[in-house]
Amino acid sequence: MKVVVISKKSLAKSMIVMFIFLFSILYAATGRYELLNVFLNTQRELPIYCVETDEKKIAITFDAAWGNEYTDEILDILEKNGVRATFFLVGSWVDKYPETVKKIFEKGHEIGNHSTTHPHFSQITPDKMKEEIFKTSDKIKRITGKGTNLFRPPFGDYNSLVVKTVKETGHFCIQWDVDSIDWKDPGEDVIYSRVVSRVTNGSIILFHNYAKQTPKVLDGILKELKRKGYEFVTVSELIYKENYYIDHTGRQKPIKNN
């Protein structure tokens, strides 16, 4: 008879694997994935792409990094439709257009942070990330009297370290789940169709203030989404501030206490 000798190290590893397996089954059965992620600490850090909610609430966002030709027209369309949006501003853009920053704020829109120089955040150090965020927050505060607590990585570029560092600055890291691709100028019909067909409860929609086709199609999009029963809120009004987790798709969900 062949005797199999198992070392203490191998036995310990096997017990850990078995424990994780049983723990996973238990929490999968109860739907408490968030507790499993916390316990195992294996979840990759993710930004907020959208929000789980039973309410038909959505947030429309505009990134402002380059030009300013269409911002006034966009603001007029938003005002006409009674919609408040969230504008993510780059610090260098703030320097060029301080009066527009003031106008965005005074019209009741939310201002988020989009870095100072629009670098790829995954390619810079945490200290540089923080510098980029804090500088722009200070620039915005000098104009509006209010700093930022929302941050969108330039190019949508991030990794776990980026998300962790953004959190350390006191900002929520925000992405989007509906991309208008308006910066590509794909055609008004394409932008309209992409947005109205993909929006669901809790969606965050991405537009750009410098995309020339956006003002031409924005009014129709807002009207159609309103017709479908959606309410437009700012990103801060849409997201959960505490007692939440983010699943593997980037959907922010509340932690439900049973």
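Structural data are supplied above this passage.
Note that the coordinates shown come from a computational prediction; the quantities given were computed from them, not determined experimentally.

Undergrad: Please provide a residue-by-residue account of the packing of helix α3 (residues 71-80) against helix α9 (residues 214-227), values included.
TA: The angle between the axes and the distance between the axes are what describe a pair of packed helices. One can describe the packing of α3 onto α9 by two numbers: an axis separation of 10 Å at closest approach and a directional angle of 15°. Viewed along their axes, α3 and α9 adopt a mutual orientation that is roughly parallel. Between α3 and α9 the crossing geometry is right-handed. Across the interface between the two elements, E73, I74, I77, L78 and K80 from α3 touch T214, P215, L218, D219, L222 and K223 from α9. Looking at the contact of α3 with α9 residue by residue, the classes come out as six nonpolar, one polar and four charged.

Undergrad: Tell me what's going on with the pairing of strand β11 (residues 251-254), and back it up with residues and numbers.
TA: Across two bridges, the pairing between strand β1 (residues 50-51) and β11 is parallel. The residue bridging C50 from the neighbouring strand is R251, located in β11. In the sheet, strand β10 (residues 244-246) pairs with β11 via three bridges, with the strands oriented antiparallel. Bridging across to β11, I246 finds its partner in Q252. Counting the residues between successive antiparallel strands, the hairpin from β10 to β11 contains four residues, one of them, G250, with a positive phi of roughly 90°.

Undergrad: Explain the nonpolar core residue by residue, including any values.
TA: Residues L89 and L225 are the most contacted members of the largest nonpolar core, which totals 34 residues. Of all elements in the fold, only β2 (57-64), α3, β3 (86-89), α4 (91-96), α5 (98-106), α8 (188-198), β8 (204-208) and α9 reach the threshold of two or more residues within this core. Ranked by residue count, the leading element in this core is α9, at five residues. Not counting residues within four places of it along the chain, the set of residues in contact with L225 comprises I58, V195, V196, V199, I205, Y230 and F232. Of all hydrophobic cores here, the second largest spans 25 residues; its members include I48, M129, F151 and V162.

Conventions used here
Residues numbered from 1 in each chain as written. Predicted model: local features only at pLDDT ≥ 70, side-chain atom pairs only at ≥ 80, totals over all residues. Heavy atoms only, no water. Axes fitted to C-alpha atoms, helices over the stretch in contact; angles between N-to-C directions. Helix = DSSP H or I, 4+ residues; strand = E, 2+ residues; numbered from the N terminus. Parallel < 35°, antiparallel > 145°, perpendicular 65-115°, else oblique. Left-handed = near helix turned anticlockwise from the far one by under 90°. Contact = heavy atoms within 4.5 Å. Nonpolar A, V, L, I, M, F, W, Y, C, P; charged D, E, K, R; others polar. Pairing = 2+ DSSP bridges. Core = buried A, V, L, I, M, F, W, Y, C linked by side-chain atoms within 4.5 Å. Buried < 20%, exposed > 50% of the residue type's maximum accessible area, 1.4 Å probe, protein only.

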